[in-house]
Amino acid sequence: MAAKVVAESVKSSLGPKGMDKMLVDSFGDVTITSDGRTILDEMDIQHPAAKMMVEVAKTQDNETGDGTTTAVIISGELLNKAEELIEKSVHPTIIIDGYRKAQEKALETLEKIAISIDPTSQDYPKRVAMTSMASKLVAEHREYLADLAVKSILAVAEKEGDKYKADVDDVKVEKKTGESIRDTQLVQGIILDKDVSHSGMPKRVEKAKIALLDSPLEIEKTEFDAKINIESPEQMEAFLKQEEDMLRQMVEKIEKTGANVVLCEKGVDDMVQHFLARKGIMAVRRIKKSDIEKLSKATGGKIVSNLDAMTSADLGYANLVEERKVGEDKMTFVEGCKHPRAVTILIRGATERIIAEAERSIHDALCVVRDVVEEPKIVAGGGAPELEVSRSLKKYAETLPGREQLAVKSFADALEAIPITLTENAGLDPIDVLSELRSRHEKGETWAGIEVNTGKVQDMSKVGVYEPLAVKKQIIKSGTEAATMILKIDDVIAAGKMKTPPMPPGGGGPPGGGYPGMGEY
Ligand SMILES: Nc1ncnc2c1ncn2[C@@H]1O[C@H](COP(=O)(O)OP(=O)(O)O)[C@@H](O)[C@H]1O
Ligand SMILES: [Mg+2]
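These remarks concern the structure in this document.

How each quantity is defined
Residues numbered from 1 in each chain as written. Chains lettered and ligands numbered in written order. Predicted model: local features only at pLDDT ≥ 70, side-chain atom pairs only at ≥ 80, totals over all residues. Heavy atoms only, no water. Pairing = 2+ DSSP bridges. Helix = DSSP H or I, 4+ residues; strand = E, 2+ residues; numbered from the N terminus. Axes fitted to C-alpha atoms, helices over the stretch in contact; angles between N-to-C directions. Contact = heavy atoms within 4.5 Å. Salt bridge = Lys/Arg side-chain N within 4 Å of Asp/Glu carboxyl O. Buried < 20%, exposed > 50% of the residue type's maximum accessible area, 1.4 Å probe, protein only. Phe/Tyr/Trp six-rings, centres within 6.5 Å; stacked < 30°, edge-to-face > 60°. Lys NZ or Arg CZ within 6 Å of the ring centre and 35° of its normal. Expected span 1.5 Å × (residues − 1). Core = buried A, V, L, I, M, F, W, Y, C linked by side-chain atoms within 4.5 Å. Near = heavy atom within 4 Å. Polar contact = N/O pair within 3.5 Å; in protein donor to acceptor, adjacent residues only side chain to side chain. Areas by Shrake-Rupley, 256 points an atom, 1.4 Å probe, with all protein chains shown as cover.

The subject of this paragraph is the sheet that holds strand β6 (residues 171–177). Backbone-to-backbone hydrogen bonds join strands into a sheet, with any given pair of strands oriented parallel or antiparallel. Spatial strand order, β6-β15-β7: 3 strands in an open sheet with mixed pairing. Only two strands of the sheet have a single neighbouring strand rather than two, namely β6 and β7 (185–187). Going from strand to strand, the sheet's axes swing by 25 degrees on average, the running direction of each strand aside. Where β6 and strand β15 (residues 343–349) come together, 7 bridges link them in parallel fashion. Following the sheet pairing, Val173 is matched in β15 by Ile345. Running at roughly 15 degrees to β7, helix α7 (residues 142–156) makes contact with β6, β7 and β15 of the sheet.

The structure is reproduced here in C-alpha coordinates:
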(Lines give C-alpha, C1' and ligand atoms only; values in the text may rest on other atoms or scores of the structure.)
(Ligands and ions follow the chains in the order given, each with its own letter.)
Protein backbone atom coordinates (compact mmCIF):
# COMPACT_ATOMS: atom_id res chain seq x y z
CA MET A 1 0.00 0.00 0.00
CA ALA A 2 2.68 2.49 1.05
CA ALA A 3 4.76 1.72 -2.02
CA LYS A 4 1.74 2.15 -4.27
CA VAL A 5 0.99 5.55 -2.80
CA VAL A 6 4.49 6.71 -3.72
CA ALA A 7 4.05 5.52 -7.30
CA GLU A 8 0.69 7.27 -7.45
CA SER A 9 2.22 10.54 -6.34
CA VAL A 10 4.68 10.77 -9.24
CA LYS A 11 2.24 9.55 -11.89
CA SER A 12 0.94 12.95 -12.82
CA SER A 13 4.43 14.16 -13.73
CA LEU A 14 5.10 11.59 -16.46
CA GLY A 15 5.72 12.73 -19.99
CA PRO A 16 5.82 16.05 -21.83
CA LYS A 17 2.30 16.92 -20.67
CA GLY A 18 2.99 15.88 -17.09
CA MET A 19 2.67 18.43 -14.33
CA ASP A 20 5.49 19.78 -12.17
CA LYS A 21 5.70 19.42 -8.42
CA MET A 22 6.45 22.22 -6.02
CA LEU A 23 8.43 20.81 -3.13
CA VAL A 24 8.62 22.84 0.04
CA ASP A 25 11.07 21.85 2.76
CA SER A 26 10.88 22.64 6.47
CA PHE A 27 12.79 25.89 5.94
CA GLY A 28 10.27 26.98 3.33
CA ASP A 29 12.75 26.53 0.46
CA VAL A 30 11.01 25.70 -2.77
CA THR A 31 12.08 23.35 -5.57
CA ILE A 32 10.02 23.11 -8.75
CA THR A 33 10.63 19.98 -10.77
CA SER A 34 9.11 17.12 -12.74
CA ASP A 35 12.17 14.95 -12.26
CA GLY A 36 11.13 11.67 -10.59
CA ARG A 37 14.35 11.22 -8.67
CA THR A 38 14.32 14.77 -7.32
CA ILE A 39 10.67 14.52 -6.25
CA LEU A 40 11.28 11.32 -4.33
CA ASP A 41 14.57 12.53 -2.91
CA GLU A 42 12.95 15.61 -1.42
CA MET A 43 9.79 13.90 -0.24
CA ASP A 44 9.72 13.21 3.46
CA ILE A 45 9.06 9.48 3.38
CA GLN A 46 8.73 7.49 6.58
CA HIS A 47 7.40 4.09 5.65
CA PRO A 48 10.16 1.55 4.99
CA ALA A 49 8.36 -0.03 2.04
CA ALA A 50 7.82 3.38 0.49
CA LYS A 51 11.51 4.07 0.94
CA MET A 52 12.22 1.14 -1.33
CA MET A 53 10.46 3.01 -4.12
CA VAL A 54 12.89 5.85 -3.57
CA GLU A 55 15.66 3.31 -4.01
CA VAL A 56 14.17 2.33 -7.37
CA ALA A 57 14.39 5.91 -8.54
CA LYS A 58 17.96 6.18 -7.27
CA THR A 59 19.14 3.01 -8.98
CA GLN A 60 17.46 4.03 -12.20
CA ASP A 61 19.06 7.45 -12.05
CA ASN A 62 22.52 6.19 -11.18
CA GLU A 63 22.51 3.51 -13.87
CA THR A 64 21.06 5.45 -16.77
CA GLY A 65 20.12 8.97 -15.67
CA ASP A 66 16.58 8.89 -17.05
CA GLY A 67 13.34 6.94 -16.77
CA THR A 68 12.98 7.37 -13.01
CA THR A 69 9.28 8.20 -13.05
CA THR A 70 8.56 5.35 -15.43
CA ALA A 71 10.41 2.82 -13.26
CA VAL A 72 8.52 3.88 -10.14
CA ILE A 73 5.16 3.77 -11.94
CA ILE A 74 5.84 0.28 -13.30
CA SER A 75 6.95 -0.91 -9.91
CA GLY A 76 3.76 0.43 -8.32
CA GLU A 77 1.65 -1.11 -11.04
CA LEU A 78 3.33 -4.50 -10.63
CA LEU A 79 2.39 -4.37 -6.95
CA ASN A 80 -1.14 -3.33 -7.83
CA LYS A 81 -1.59 -6.31 -10.12
CA ALA A 82 0.06 -8.62 -7.59
CA GLU A 83 -2.48 -7.54 -5.00
CA GLU A 84 -5.29 -8.57 -7.35
CA LEU A 85 -3.65 -11.96 -7.82
CA ILE A 86 -3.16 -12.44 -4.10
CA GLU A 87 -6.86 -11.75 -3.63
CA LYS A 88 -7.48 -14.57 -6.11
CA SER A 89 -5.30 -16.62 -3.73
CA VAL A 90 -2.21 -16.90 -5.93
CA HIS A 91 0.75 -17.22 -3.59
CA PRO A 92 3.33 -14.38 -3.65
CA THR A 93 6.18 -16.78 -4.49
CA ILE A 94 4.36 -17.87 -7.64
CA ILE A 95 3.84 -14.23 -8.58
CA ILE A 96 7.52 -13.53 -7.99
CA ASP A 97 8.54 -16.46 -10.22
CA GLY A 98 6.14 -15.30 -12.92
CA TYR A 99 7.41 -11.73 -12.73
CA ARG A 100 11.02 -12.90 -13.03
CA LYS A 101 10.19 -14.96 -16.12
CA ALA A 102 8.31 -12.02 -17.58
CA GLN A 103 11.28 -9.76 -16.92
CA GLU A 104 13.64 -12.06 -18.85
CA LYS A 105 11.25 -12.18 -21.77
CA ALA A 106 10.68 -8.42 -21.68
CA LEU A 107 14.40 -7.70 -21.86
CA GLU A 108 14.73 -10.14 -24.75
CA THR A 109 11.91 -8.45 -26.65
CA LEU A 110 13.39 -5.00 -26.10
CA GLU A 111 16.75 -6.16 -27.51
CA LYS A 112 14.94 -7.62 -30.48
CA ILE A 113 12.97 -4.52 -31.44
CA ALA A 114 15.77 -1.99 -30.73
CA ILE A 115 17.29 0.00 -33.60
CA SER A 116 21.08 0.07 -33.92
CA ILE A 117 22.62 3.47 -34.62
CA ASP A 118 25.99 5.03 -35.25
CA PRO A 119 27.11 6.45 -31.89
CA THR A 120 29.17 9.23 -33.43
CA SER A 121 26.38 10.58 -35.59
CA GLN A 122 24.90 13.76 -34.17
CA ASP A 123 21.37 13.01 -35.24
CA TYR A 124 20.03 10.18 -33.08
CA PRO A 125 21.83 11.11 -29.87
CA LYS A 126 20.39 14.59 -30.30
CA ARG A 127 16.88 13.21 -30.69
CA VAL A 128 17.34 11.09 -27.59
CA ALA A 129 18.49 14.14 -25.63
CA MET A 130 15.52 16.12 -26.92
CA THR A 131 13.08 13.43 -25.79
CA SER A 132 14.56 13.42 -22.30
CA MET A 133 14.12 17.18 -22.07
CA ALA A 134 10.62 17.21 -23.59
CA SER A 135 9.09 16.69 -20.17
CA LYS A 136 11.08 19.42 -18.42
CA LEU A 137 10.64 23.07 -17.65
CA VAL A 138 13.31 23.87 -20.24
CA ALA A 139 11.50 21.97 -23.03
CA GLU A 140 11.18 25.14 -25.08
CA HIS A 141 14.95 25.29 -25.50
CA ARG A 142 15.50 21.58 -25.86
CA GLU A 143 16.85 21.65 -29.38
CA TYR A 144 19.55 24.12 -28.41
CA LEU A 145 20.44 22.35 -25.16
CA ALA A 146 20.41 18.89 -26.78
CA ASP A 147 23.03 20.14 -29.20
CA LEU A 148 25.26 21.20 -26.34
CA ALA A 149 24.78 17.87 -24.57
CA VAL A 150 25.73 15.86 -27.67
CA LYS A 151 28.78 18.00 -28.40
CA SER A 152 30.00 17.72 -24.81
CA ILE A 153 29.64 13.97 -24.58
CA LEU A 154 31.24 13.38 -27.98
CA ALA A 155 34.11 15.61 -26.84
CA VAL A 156 34.80 13.56 -23.72
CA ALA A 157 34.06 10.12 -25.23
CA GLU A 158 36.97 7.74 -25.61
CA LYS A 159 37.24 4.80 -27.92
CA GLU A 160 37.91 1.48 -26.23
CA GLY A 161 38.17 -1.36 -28.72
CA ASP A 162 35.18 -0.95 -31.00
CA LYS A 163 33.12 0.65 -28.23
CA TYR A 164 32.99 4.12 -26.77
CA LYS A 165 33.16 5.11 -23.13
CA ALA A 166 32.07 8.45 -21.78
CA ASP A 167 31.93 9.81 -18.26
CA VAL A 168 29.29 12.43 -17.55
CA ASP A 169 31.49 13.78 -14.73
CA ASP A 170 34.10 14.79 -17.30
CA VAL A 171 31.67 17.46 -18.46
CA LYS A 172 31.95 20.28 -15.99
CA VAL A 173 28.82 22.26 -15.31
CA GLU A 174 28.95 25.83 -14.01
CA LYS A 175 25.98 28.06 -13.24
CA LYS A 176 25.56 31.79 -13.16
CA THR A 177 22.32 33.71 -12.83
CA GLY A 178 21.55 36.31 -15.45
CA GLU A 179 20.64 36.35 -19.15
CA SER A 180 18.48 33.41 -20.22
CA ILE A 181 18.65 29.68 -20.85
CA ARG A 182 19.42 30.44 -24.49
CA ASP A 183 22.69 32.03 -23.41
CA THR A 184 23.89 28.76 -21.91
CA GLN A 185 27.17 28.02 -23.62
CA LEU A 186 29.65 25.27 -24.22
CA VAL A 187 33.27 26.14 -23.59
CA GLN A 188 36.13 24.00 -24.86
CA GLY A 189 38.01 23.98 -21.62
CA ILE A 190 37.37 24.59 -17.96
CA ILE A 191 35.61 27.49 -16.30
CA LEU A 192 36.46 28.38 -12.72
CA ASP A 193 34.00 30.33 -10.61
CA LYS A 194 36.86 32.48 -9.27
CA ASP A 195 38.56 35.71 -10.24
CA VAL A 196 42.23 36.56 -10.61
CA SER A 197 43.39 37.24 -7.07
CA HIS A 198 45.29 40.51 -7.47
CA SER A 199 44.37 43.58 -9.50
CA GLY A 200 47.96 44.05 -10.70
CA MET A 201 48.11 40.61 -12.34
CA PRO A 202 47.49 40.06 -16.03
CA LYS A 203 43.85 39.21 -16.79
CA ARG A 204 44.73 37.36 -19.96
CA VAL A 205 47.60 34.97 -20.53
CA GLU A 206 48.14 33.32 -23.89
CA LYS A 207 50.18 30.12 -24.23
CA ALA A 208 49.70 29.57 -20.55
CA LYS A 209 52.12 27.37 -18.63
CA ILE A 210 50.18 26.42 -15.57
CA ALA A 211 51.38 25.46 -12.11
CA LEU A 212 48.75 23.46 -10.21
CA LEU A 213 49.19 23.62 -6.46
CA ASP A 214 47.31 21.96 -3.65
CA SER A 215 49.25 23.57 -0.83
CA PRO A 216 48.97 27.18 0.34
CA LEU A 217 51.35 29.91 -0.77
CA GLU A 218 51.53 31.24 2.75
CA ILE A 219 53.74 30.90 5.75
CA GLU A 220 52.24 28.10 7.71
CA LYS A 221 51.16 28.94 11.20
CA THR A 222 52.56 26.73 13.92
CA GLU A 223 50.12 24.43 15.56
CA PHE A 224 50.98 25.68 19.03
CA ASP A 225 51.25 29.24 20.28
CA ALA A 226 54.82 30.42 20.15
CA LYS A 227 56.29 33.54 21.67
CA ILE A 228 59.32 35.34 20.36
CA ASN A 229 61.04 37.88 22.55
CA ILE A 230 62.29 40.77 20.51
CA GLU A 231 64.58 43.21 22.26
CA SER A 232 65.47 45.72 19.61
CA PRO A 233 63.91 47.33 16.50
CA GLU A 234 66.66 45.68 14.43
CA GLN A 235 65.60 42.25 15.54
CA MET A 236 62.00 43.07 14.65
CA GLU A 237 63.05 44.19 11.21
CA ALA A 238 65.15 41.10 10.68
CA PHE A 239 62.22 38.94 11.67
CA LEU A 240 59.86 40.59 9.18
CA LYS A 241 62.56 40.49 6.52
CA GLN A 242 62.99 36.79 7.09
CA GLU A 243 59.27 36.25 6.55
CA GLU A 244 59.28 38.34 3.39
CA ASP A 245 62.27 36.42 2.05
CA MET A 246 60.52 33.13 2.55
CA LEU A 247 57.53 34.35 0.58
CA ARG A 248 59.77 35.82 -2.08
CA GLN A 249 61.53 32.48 -2.44
CA MET A 250 58.21 30.79 -3.08
CA VAL A 251 57.61 33.12 -5.99
CA GLU A 252 61.14 32.61 -7.29
CA LYS A 253 60.67 28.86 -7.26
CA ILE A 254 57.52 29.24 -9.30
CA GLU A 255 59.17 31.66 -11.69
CA LYS A 256 62.10 29.31 -12.23
CA THR A 257 59.82 26.59 -13.62
CA GLY A 258 58.66 29.01 -16.31
CA ALA A 259 55.07 29.10 -15.13
CA ASN A 260 53.02 32.16 -16.03
CA VAL A 261 49.78 31.04 -14.37
CA VAL A 262 49.36 29.66 -10.85
CA LEU A 263 46.16 27.84 -9.97
CA CYS A 264 46.04 27.09 -6.27
CA GLU A 265 43.62 25.02 -4.22
CA LYS A 266 44.47 26.86 -1.03
CA GLY A 267 45.14 30.46 -0.02
CA VAL A 268 47.77 32.79 -1.45
CA ASP A 269 49.41 35.36 0.87
CA ASP A 270 48.94 39.04 -0.02
CA MET A 271 52.68 39.47 -0.25
CA VAL A 272 53.00 36.50 -2.61
CA GLN A 273 50.24 37.94 -4.76
CA HIS A 274 52.11 41.18 -4.91
CA PHE A 275 55.37 39.52 -5.96
CA LEU A 276 53.62 37.38 -8.54
CA ALA A 277 51.89 40.45 -9.96
CA ARG A 278 55.23 42.22 -10.28
CA LYS A 279 56.57 39.30 -12.31
CA GLY A 280 53.48 39.28 -14.53
CA ILE A 281 52.27 35.89 -13.29
CA MET A 282 48.53 35.32 -12.99
CA ALA A 283 47.19 33.55 -9.92
CA VAL A 284 43.79 32.17 -8.94
CA ARG A 285 43.33 30.89 -5.41
CA ARG A 286 40.91 28.71 -3.42
CA ILE A 287 39.92 26.54 -6.37
CA LYS A 288 37.75 23.52 -5.58
CA LYS A 289 39.65 20.24 -5.22
CA SER A 290 37.52 18.60 -7.91
CA ASP A 291 38.33 21.46 -10.26
CA ILE A 292 42.05 21.19 -9.65
CA GLU A 293 41.76 17.50 -10.55
CA LYS A 294 39.87 18.32 -13.73
CA LEU A 295 42.47 20.96 -14.58
CA SER A 296 45.21 18.42 -14.12
CA LYS A 297 43.49 16.03 -16.51
CA ALA A 298 42.79 18.76 -19.06
CA THR A 299 46.07 20.67 -19.07
CA GLY A 300 48.33 17.67 -18.51
CA GLY A 301 49.85 19.36 -15.46
CA LYS A 302 50.78 17.60 -12.24
CA ILE A 303 49.28 18.70 -8.95
CA VAL A 304 52.21 19.79 -6.79
CA SER A 305 52.31 20.05 -3.00
CA ASN A 306 55.96 20.80 -2.48
CA LEU A 307 57.32 23.83 -4.35
CA ASP A 308 60.92 22.65 -3.96
CA ALA A 309 60.23 19.58 -6.04
CA MET A 310 58.38 21.41 -8.81
CA THR A 311 59.97 21.47 -12.27
CA SER A 312 58.87 22.70 -15.67
CA ALA A 313 57.76 19.14 -16.50
CA ASP A 314 55.00 19.46 -13.92
CA LEU A 315 53.36 22.40 -15.68
CA GLY A 316 50.14 22.10 -17.61
CA TYR A 317 49.36 23.84 -20.86
CA ALA A 318 46.44 25.86 -22.23
CA ASN A 319 46.22 28.25 -25.18
CA LEU A 320 44.48 30.86 -23.13
CA VAL A 321 43.66 31.62 -19.52
CA GLU A 322 41.46 34.65 -19.15
CA GLU A 323 39.27 36.34 -16.57
CA ARG A 324 35.93 37.35 -18.01
CA LYS A 325 32.91 39.06 -16.61
CA VAL A 326 29.84 36.80 -16.52
CA GLY A 327 26.74 38.49 -15.22
CA GLU A 328 27.69 40.27 -12.02
CA ASP A 329 30.74 38.13 -11.31
CA LYS A 330 34.12 37.37 -12.76
CA MET A 331 35.08 33.86 -13.82
CA THR A 332 38.33 32.41 -15.10
CA PHE A 333 38.28 30.55 -18.41
CA VAL A 334 40.98 27.99 -19.19
CA GLU A 335 40.63 27.30 -22.91
CA GLY A 336 42.39 25.29 -25.57
CA CYS A 337 43.79 22.78 -23.12
CA LYS A 338 46.44 20.23 -23.99
CA HIS A 339 43.82 17.47 -23.90
CA PRO A 340 40.77 18.55 -25.84
CA ARG A 341 38.64 16.21 -23.73
CA ALA A 342 37.73 18.98 -21.31
CA VAL A 343 34.50 20.88 -21.73
CA THR A 344 32.33 23.01 -19.51
CA ILE A 345 28.69 23.90 -19.90
CA LEU A 346 27.98 27.33 -18.46
CA ILE A 347 24.28 27.46 -17.61
CA ARG A 348 22.61 30.85 -17.62
CA GLY A 349 19.05 31.65 -16.59
CA ALA A 350 16.94 34.35 -15.08
CA THR A 351 16.54 32.86 -11.61
CA GLU A 352 18.31 30.30 -9.48
CA ARG A 353 15.29 28.03 -9.58
CA ILE A 354 15.26 27.92 -13.36
CA ILE A 355 18.98 27.29 -13.42
CA ALA A 356 18.63 24.44 -10.92
CA GLU A 357 15.97 22.72 -13.03
CA ALA A 358 18.02 23.41 -16.18
CA GLU A 359 20.99 21.74 -14.52
CA ARG A 360 18.94 18.64 -13.71
CA SER A 361 17.58 18.53 -17.25
CA ILE A 362 21.01 18.95 -18.82
CA HIS A 363 22.32 16.22 -16.54
CA ASP A 364 19.58 13.88 -17.79
CA ALA A 365 20.36 14.83 -21.37
CA LEU A 366 24.08 14.18 -20.86
CA CYS A 367 23.25 10.81 -19.32
CA VAL A 368 21.02 9.62 -22.16
CA VAL A 369 23.53 10.74 -24.77
CA ARG A 370 26.19 8.81 -22.87
CA ASP A 371 23.84 5.81 -22.76
CA VAL A 372 23.49 5.70 -26.55
CA VAL A 373 27.15 6.45 -27.16
CA GLU A 374 28.13 3.52 -24.94
CA GLU A 375 25.36 1.21 -26.11
CA PRO A 376 24.28 2.49 -29.52
CA LYS A 377 20.75 1.14 -29.57
CA ILE A 378 17.51 3.05 -29.31
CA VAL A 379 13.78 2.51 -29.16
CA ALA A 380 10.97 4.92 -29.95
CA GLY A 381 9.00 6.45 -27.05
CA GLY A 382 5.44 7.45 -26.33
CA GLY A 383 4.58 4.10 -24.76
CA ALA A 384 5.35 2.17 -27.96
CA PRO A 385 8.03 -0.16 -26.54
CA GLU A 386 5.98 -0.84 -23.39
CA LEU A 387 3.00 -1.84 -25.49
CA GLU A 388 5.04 -3.99 -27.83
CA VAL A 389 6.65 -5.79 -24.90
CA SER A 390 3.24 -6.18 -23.26
CA ARG A 391 1.87 -7.77 -26.43
CA SER A 392 4.72 -10.24 -26.70
CA LEU A 393 4.37 -11.13 -23.01
CA LYS A 394 0.69 -11.92 -23.45
CA LYS A 395 1.64 -14.35 -26.25
CA TYR A 396 4.37 -15.84 -24.09
CA ALA A 397 1.96 -16.29 -21.16
CA GLU A 398 -0.15 -18.67 -23.25
CA THR A 399 2.75 -21.11 -23.29
CA LEU A 400 2.98 -21.26 -19.48
CA PRO A 401 1.00 -23.40 -17.08
CA GLY A 402 -1.79 -22.17 -14.79
CA ARG A 403 -0.94 -19.63 -12.14
CA GLU A 404 2.40 -18.52 -13.56
CA GLN A 405 0.50 -17.60 -16.68
CA LEU A 406 -1.61 -15.23 -14.59
CA ALA A 407 1.48 -13.55 -13.19
CA VAL A 408 3.05 -13.02 -16.62
CA LYS A 409 -0.25 -11.62 -17.88
CA SER A 410 -0.33 -9.24 -14.94
CA PHE A 411 3.20 -8.12 -15.77
CA ALA A 412 2.03 -7.44 -19.33
CA ASP A 413 -0.92 -5.41 -18.05
CA ALA A 414 1.31 -3.42 -15.71
CA LEU A 415 3.43 -2.22 -18.63
CA GLU A 416 0.36 -0.71 -20.24
CA ALA A 417 0.32 1.78 -17.37
CA ILE A 418 2.91 3.84 -19.25
CA PRO A 419 0.93 4.62 -22.42
CA ILE A 420 -2.20 4.96 -20.24
CA THR A 421 -0.54 7.48 -17.92
CA LEU A 422 0.96 9.46 -20.80
CA THR A 423 -2.51 9.63 -22.33
CA GLU A 424 -4.24 10.60 -19.10
CA ASN A 425 -1.70 13.30 -18.39
CA ALA A 426 -2.37 14.78 -21.82
CA GLY A 427 -6.09 14.95 -21.01
CA LEU A 428 -7.01 12.30 -23.57
CA ASP A 429 -9.26 9.29 -23.19
CA PRO A 430 -7.14 6.27 -22.18
CA ILE A 431 -9.70 3.66 -23.25
CA ASP A 432 -9.90 4.88 -26.85
CA VAL A 433 -6.15 5.29 -27.12
CA LEU A 434 -5.30 1.94 -25.55
CA SER A 435 -7.61 -0.01 -27.81
CA GLU A 436 -6.24 1.74 -30.89
CA LEU A 437 -2.67 1.10 -29.71
CA ARG A 438 -3.39 -2.57 -29.13
CA SER A 439 -4.95 -3.10 -32.51
CA ARG A 440 -2.17 -1.29 -34.37
CA HIS A 441 0.52 -3.28 -32.58
CA GLU A 442 -1.41 -6.41 -33.46
CA LYS A 443 -1.11 -5.34 -37.10
CA GLY A 444 2.66 -5.19 -36.72
CA GLU A 445 3.21 -1.47 -36.11
CA THR A 446 6.01 -1.86 -33.57
CA TRP A 447 6.45 1.85 -32.95
CA ALA A 448 2.81 2.88 -32.66
CA GLY A 449 2.62 5.13 -29.62
CA ILE A 450 0.72 8.08 -28.30
CA GLU A 451 2.14 11.41 -29.48
CA VAL A 452 0.87 13.63 -26.70
CA ASN A 453 1.40 16.93 -28.46
CA THR A 454 -0.99 16.08 -31.28
CA GLY A 455 -3.05 13.64 -29.22
CA LYS A 456 -2.85 11.02 -31.98
CA VAL A 457 -1.72 7.43 -32.05
CA GLN A 458 1.10 7.31 -34.53
CA ASP A 459 4.45 5.82 -35.47
CA MET A 460 6.73 7.43 -32.87
CA SER A 461 9.84 6.80 -34.96
CA LYS A 462 8.33 9.08 -37.63
CA VAL A 463 8.14 11.98 -35.19
CA GLY A 464 11.64 11.33 -33.89
CA VAL A 465 10.78 10.56 -30.26
CA TYR A 466 13.63 8.18 -29.41
CA GLU A 467 14.99 6.87 -26.13
CA PRO A 468 18.04 4.77 -25.26
CA LEU A 469 17.49 1.01 -25.08
CA ALA A 470 19.63 1.08 -21.92
CA VAL A 471 17.05 3.25 -20.14
CA LYS A 472 14.14 0.98 -21.06
CA LYS A 473 16.02 -2.13 -20.04
CA GLN A 474 16.98 -0.64 -16.70
CA ILE A 475 13.34 0.42 -16.10
CA ILE A 476 12.25 -3.21 -16.43
CA LYS A 477 15.08 -4.39 -14.20
CA SER A 478 14.74 -1.88 -11.37
CA GLY A 479 10.92 -1.90 -11.49
CA THR A 480 10.74 -5.69 -11.23
CA GLU A 481 13.40 -5.90 -8.60
CA ALA A 482 11.67 -3.50 -6.22
CA ALA A 483 8.25 -5.05 -6.76
CA THR A 484 9.46 -8.61 -6.15
CA MET A 485 11.44 -7.54 -3.13
CA ILE A 486 8.38 -5.93 -1.57
CA LEU A 487 6.23 -8.95 -2.51
CA LYS A 488 8.54 -11.24 -0.58
CA ILE A 489 7.94 -9.30 2.61
CA ASP A 490 4.92 -10.39 4.63
CA ASP A 491 5.47 -8.31 7.71
CA VAL A 492 7.25 -5.19 8.83
CA ILE A 493 8.90 -5.59 12.20
CA ALA A 494 10.44 -2.86 14.27
CA ALA A 495 13.92 -4.17 14.97
CA GLY A 496 15.07 -3.27 18.47
CA LYS A 497 18.62 -2.35 19.31
CA MET A 498 18.76 -4.84 22.22
CA LYS A 499 20.33 -8.21 21.54
CA THR A 500 18.43 -10.07 24.31
CA PRO A 501 14.70 -9.57 24.65
CA PRO A 502 13.68 -7.99 27.94
CA MET A 503 12.01 -10.44 30.29
CA PRO A 504 8.39 -9.49 30.71
CA PRO A 505 7.36 -9.03 34.34
CA GLY A 506 6.31 -12.25 35.97
CA GLY A 507 8.78 -14.26 33.88
CA GLY A 508 7.98 -16.74 31.14
CA GLY A 509 8.41 -14.88 27.83
CA PRO A 510 6.03 -15.30 24.92
CA PRO A 511 6.23 -18.69 23.24
CA GLY A 512 8.96 -18.98 20.64
CA GLY A 513 10.85 -16.06 22.15
CA GLY A 514 8.96 -13.53 20.03
CA TYR A 515 9.16 -9.85 20.80
CA PRO A 516 6.09 -8.35 22.36
CA GLY A 517 4.13 -6.10 20.02
CA MET A 518 5.63 -7.71 16.92
CA GLY A 519 2.36 -8.02 15.07
CA GLU A 520 1.30 -4.43 15.55
CA TYR A 521 2.51 -3.19 12.18
N1 LIG B 1 6.17 13.78 -27.78
C2 LIG B 1 5.93 12.76 -26.98
N3 LIG B 1 4.78 12.07 -27.06
C4 LIG B 1 4.53 11.06 -26.23
N5 LIG B 1 5.35 10.63 -25.28
C6 LIG B 1 6.52 11.26 -25.14
C7 LIG B 1 6.87 12.36 -25.98
N8 LIG B 1 8.08 12.79 -25.58
C9 LIG B 1 8.47 11.99 -24.55
N10 LIG B 1 7.53 11.07 -24.29
C11 LIG B 1 7.54 10.00 -23.28
O12 LIG B 1 7.60 10.53 -21.96
C13 LIG B 1 8.17 9.54 -21.10
C14 LIG B 1 9.22 10.14 -20.22
O15 LIG B 1 8.66 11.07 -19.36
P16 LIG B 1 9.46 11.68 -18.14
O17 LIG B 1 8.54 12.64 -17.46
O18 LIG B 1 10.76 12.19 -18.61
O19 LIG B 1 9.63 10.46 -17.18
P20 LIG B 1 10.93 9.65 -16.75
O21 LIG B 1 11.29 10.21 -15.41
O22 LIG B 1 10.44 8.25 -16.64
O23 LIG B 1 11.97 9.83 -17.77
C24 LIG B 1 8.76 8.47 -21.98
O25 LIG B 1 7.95 7.32 -21.95
C26 LIG B 1 8.75 9.11 -23.37
O27 LIG B 1 8.61 8.17 -24.40
MG1 LIG C 1 12.76 11.61 -18.53
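Attention now goes to the pairing of strand β16 (residues 377–380). The pairing of strand β3 (residues 115–116) with β16 spans 2 bridges and is classified as antiparallel. Counterpart to Ile115 in the pairing with β16 is Ile378.

One pass over the structure, following the stated rule, counts 42 salt bridges. Its salt-bridge partner being Lys302, residue Asp314 comes within 4.0 Å of it at the nearest N-O pair. Of this pair, Asp314 sits in the loop between β12 (303–304) and β13 (316–326) while Lys302 is found in the loop between α10 (289–299) and β12, placing the two residues 12 residues apart along the sequence. Relative accessible area serves as the criterion here: at 9%, Asp314 is assigned to the buried category. For Lys302, a relative accessible area of 53% puts it in the exposed group. Arg391 is the partner of Glu388 in a salt bridge, and the nearest nitrogen-oxygen pair spans 3.1 Å. Here Arg391 and Glu388 lie together in helix α12 (residues 384–398), a separation of 3 residues that amounts to about one turn.

Take the packing of aromatic side chains next. Aromatic ring pairs are described here by two measures, namely the spacing of the ring centres and the angle between the planes. On inspection of all chains with the given rule, the structure shows 2 aromatic pairs. Here Tyr99 and Phe411 contribute two aromatic rings whose centre-to-centre distance is 5.6 Å and whose plane-to-plane angle is 75 degrees, an arrangement assigned as edge-to-face. One end of the pair, Tyr99, is in helix α5 (residues 92–113); the other, Phe411, is in helix α13 (residues 402–415), and 312 residues separate them in sequence. Side by side, Tyr99 and Phe411 carry an identical accessibility label, which is buried. Positioned over the ring face of Tyr144 is Arg182, at 4.4 Å from the centre of the ring. Just above the ring of Phe333 sits the side chain of Arg324; from NZ or CZ to the centre is 4.4 Å.

Right, let's get into α7. The end-to-end C-alpha separation of α7 is 21 Å, in line with the 21 Å expected for 15 residues at 1.5 Å each. When we look at burial in α7, the residues that qualify are Leu145, Ala146, Leu148, Ala149, Val150, Ser152, Ile153 and Val156.

Another point: the nonpolar core. Note on soluble globular proteins: their nonpolar side chains tend to be buried together. Among the nonpolar cores identified, the biggest contains 74 residues, and Val72, Tyr99, Leu393 and Phe411 are the most heavily contacted of them. Dropping the residues within four chain positions of it, Leu393 is found in contact with Ala102, Lys105, Ala106, Val408, Phe411, Ala412 and Leu415. If you look at the next biggest cluster of nonpolar residues, it comprises 42 residues, including Val262, Leu263, Met310 and Val321.

Here we come to the site of ligand 1. Close to ligand 1 lie 22 residues, the nearest being Thr69, Thr70, Ser135, Glu451 and Glu467. Here Gly382 contributes a backbone N or O atom positioned 2.7 Å from an oxygen atom of ligand 1. Here a nitrogen atom of ligand 1 and a backbone polar atom of Val452 are 3.2 Å apart. When ligand 1 sits alone it has 580 Å² of accessible area, and the protein chains cover 97% of it. Only α4 (68–87) and β17 (448–451) provide two or more residues apiece to the shell around ligand 1. For the shell around ligand 1, the element with the highest residue contribution is α4, accounting for 3 residues.

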